[in-house]
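Residue-level listing of the chains:
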Amino acid sequence: MALTLEQAREMGCRYTEAWCSHVPESVASFFAETGRIVINDGQPHEGRQAIADMARGFFSAFPDLIVKMDGIRTSGADAVYLWTLLGTHTAPDGTGHRVEVSGWECWRLTDGGLVAESAGYFDAEDYQRQMAGG
């Protein structure tokens, strides 16, 4: 499904709100039933339940997590969602350090406007450095 830039902005704003709601199922609702997300070429999270579990992990690790939308781009049935994550790693085994990391998700959309595939990327070395307090 091709989105106009305005439709993509609206979707990006709602996706950002879902992340900021701390409700894993809200994040997963943006994905097709068989949708998948892969972060930094890691293990894929396939299906809404796995995607909700992935989001739940972030909410557990960063109880004060905030996601900001930095921008959105479109090209046919693809969109790129640019974001910044802010939060304090205060999970039970957390470091207590504040993290601010930016990245993006490349979305392939279904005809119904849901995310079929998302490839997400961020600077993992910078993330680990911040987690360690550097």
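As the structure is a prediction and not an experimental result, all values here were calculated from the model.

J.: Any chance you could explain the side chain of Ser 118 here in plain terms?
T.: Positionally, Ser 118 belongs in strand β6 (residues 115-122). Setting aside residues no more than four positions away along its own chain, Ser 118 makes contact with Phe 31, Arg 36, Ile 37, Val 38, Glu 105, Cys 106 and Trp 107.

J.: It is not clear to me how the pairing of strand β3 (residues 66-75) should be interpreted in this structure. Could you clarify?
T.: Two faces make up the sheet, and in a regular strand the side chains alternate between them. Strand direction decides the pairing type here: β3 and strand β4 (residues 78-88), joined by 9 bridges, are antiparallel. Across the sheet, the residue bridging to Met 69 is Trp 83, located in β4. Where β3 hands over to β4, the hairpin turn is made up of 2 residues, of which Gly 76 adopts a positive phi near 60°.

J.: How should the pattern of salt bridges be read in this particular structure?
T.: Close approach of charged atoms allows side chains of opposite charge to pair. Tallying each qualifying case throughout the model produces 9 salt bridges. The salt bridge partner of Arg 56 is Glu 25, with a shortest N-O separation of 2.8 Å. Taken together, the positions of Arg 56 in helix α3 (residues 48-61) and Glu 25 in helix α2 (residues 24-28) put the pair 31 residues apart, joining distant regions of the chain. Exposure remark for Arg 56: the relative accessible area of 33% places this residue in the partly exposed category. Residue Arg 129 is joined to Asp 126 by a salt bridge in which the shortest nitrogen-to-oxygen separation is 2.4 Å. Of the two residues, Arg 129 and Asp 126 both sit in helix α4 (residues 124-131), 3 residues apart, roughly one turn of that helix. In this structure Arg 129 comes out as partly exposed when scored by relative accessible area, which is 40%.

Rules of the game
Residues numbered from 1 in each chain as written. Predicted model: local features only at pLDDT ≥ 70, side-chain atom pairs only at ≥ 80, totals over all residues. Heavy atoms only, no water. Helix = DSSP H or I, 4+ residues; strand = E, 2+ residues; numbered from the N terminus. Contact = heavy atoms within 4.5 Å. Pairing = 2+ DSSP bridges. Salt bridge = Lys/Arg side-chain N within 4 Å of Asp/Glu carboxyl O. Buried < 20%, exposed > 50% of the residue type's maximum accessible area, 1.4 Å probe, protein only.

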